[in-house]
Amino acid sequence: MLNTDLHNPNVKRRMTMEDFVKNNRGIDDGKNLPKFLLENIYESIKTEALAPAEDHCSQVERIEKQISGLAIKLAAPHRQLVQMNQFSEVLDPFKKQTASAHPRVVYLFNDLLLLVKENSRRSPYKYHVKQCVTLCGLAVKEFQNTNYKFGLTLESTYDNKSLHLCASTGKQREMFVADLQEVLIEVEDMEAERLGELVDT
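What comes next is a walk through the structure. Quick caveat, the model's predicted, so the values are computed rather than measured. (Residues numbered from 1 in each chain as written. Predicted model: local features only at pLDDT ≥ 70, side-chain atom pairs only at ≥ 80, totals over all residues. Heavy atoms only, no water.)

As a further point, take the side chain of Arg79. Within the element layout of this structure, Arg79 appears in the loop between strand 1 (67-68) and strand 2 (81-90). Here Leu74 takes part through its backbone oxygen, which lies 2.7 Å from a polar atom of the side chain of Arg79. Apart from the residues within four sequence positions on either side, Arg79 is in contact with His56, Val60, Ile72, Lys73, Leu74, Phe109, Asn110, Asp111 and Leu112. (Helix = DSSP H or I, 4+ residues; strand = E, 2+ residues; numbered from the N terminus. Polar contact = N/O pair within 3.5 Å; in protein donor to acceptor, adjacent residues only side chain to side chain. Contact = heavy atoms within 4.5 Å.)

Structural data, given as structure tokens:
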């Protein structure tokens, strides 16, 4: 109430510190809270408005607004961001490409992986979708050769399509793979549960 009173432009008469102290008499089991405590609360809220923390839905909404070419609604109540990272997309793991070729931002969500590239400066969107991969039936393998020291292959068991990425460090690849494998286990468990429910009905 105090936050709205002090920071809403539609409120004509603002609550004073004295009003706030008076309004909070007897709220501690019939006793008054210490006046200095109420005064500190008042000053703190007056100085900086309380704002709700960002939840997982608003975080995904913010990401969605930066990306063009999405074929799905990204912001959904069940979807959570697990990790965002930068990789190079490798078109052919056996052919060398420059280190700066095909930079991609990879958004790992709890049900899909989104590969995006940076848009030109003239676009109102920061990124454009390159690939959207469902995690159901996805397998991850690490690879290393003379061209790519920290390579990853993501392969769909449903359509046998592969996506090759290269991390800039071993630690980056290790952390991404650990998060991805954890999410893949959850996705497989959810899919097994869903299929079990279908069989039971």
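That covers the picture; the talk isn't over yet.
Now for the sheet that holds strand 2. One open sheet accounts for eight strands, arranged 1-5-4-3-2-8-7-6; its pairing is mixed. Unpaired on one side and paired on the other, strand 1 and strand 6 (138-143) mark the two borders of the sheet. Note that strand 7 (residues 151-156) and strand 8 (residues 162-166) share five bridges and pair antiparallel. Paired with Thr153 across the bridge in strand 8 is His164. (Pairing = 2+ DSSP bridges.)

Where like charges cluster on the molecular surface, the negative patch consists of Glu182, Glu186, Glu188, Asp189, Glu193 and Glu197. As for its placement among the helices and strands, Glu193 is situated in helix 5 (residues 170-200). (Patch = residues over 30% accessible without salt bridge, like charges linked within 9 Å, V, L, I, M, F, W, Y side chains within 5 Å. Areas by Shrake-Rupley, 256 points an atom, 1.4 Å probe, with all protein chains shown as cover. Salt bridge = Lys/Arg side-chain N within 4 Å of Asp/Glu carboxyl O. Lys, Arg positive; Asp, Glu negative; His and termini not counted. Charge placed at Lys NZ, Arg CZ, Asp CG, Glu CD.)

Within helix 4 (residues 56-64), burial applies to Val60, Ile63 and Glu64. Down the axis of helix 4, the buried side of the element spans an arc of 100 degrees, and every buried residue falls inside it. If you follow the buried residues of helix 4, they end up packed against strand 1, strand 2 and strand 3 (103-109). (Buried < 20%, exposed > 50% of the residue type's maximum accessible area, 1.4 Å probe, protein only. Arc of directions from axis to C-beta.)

Counting across every chain of the model gives seven salt bridges. Where Arg104 meets Glu89, a salt bridge forms, and the shortest distance between an N and an O atom there is 2.9 Å. A residue pair is termed long-range when its members are at least 10 positions apart, and Arg104 in strand 3 and Glu89 in strand 2 qualify at 15 residues. Its relative accessible area of 11% is what places Glu89 among the buried residues. Its salt-bridge partner being Lys171, residue Glu174 comes within 4.0 Å of it at the nearest N-O pair. Separated by three residues within a single helix, Glu174 and Lys171 lie in helix 5, roughly one turn from each other. Among the residues examined, Glu174 registers a relative accessible area of 48% and is labelled partly exposed. Given a relative accessible area of 52%, Lys171 falls into the exposed group.

Here we come to the side chain of Asp5. Assignment of secondary structure puts Asp5 in helix 1 (residues 2-7). Within the buried set, Asp5 has no salt-bridge partner at all; the shortest N-O distance to an opposite charge, 5.4 Å, is to Arg14. Ignoring any residue separated from it by four or fewer positions in sequence, one finds Asp5 in contact with Val11, Arg13, Arg14 and Met15.

Take the pairing of strand 4 (residues 112-118) next. Strand 4 sits mainly inside the fold: five of its seven residues count as buried. Both strand 3 and strand 4 contribute to a ladder of four bridges, which runs antiparallel. Bridge pairing links Val106 to Leu115 in strand 4. From the end of strand 3 to the start of strand 4, which pair antiparallel, there are two residues. Pairing analysis gives seven bridges linking strand 4 to strand 5 (residues 127-134), with the strands arranged antiparallel.

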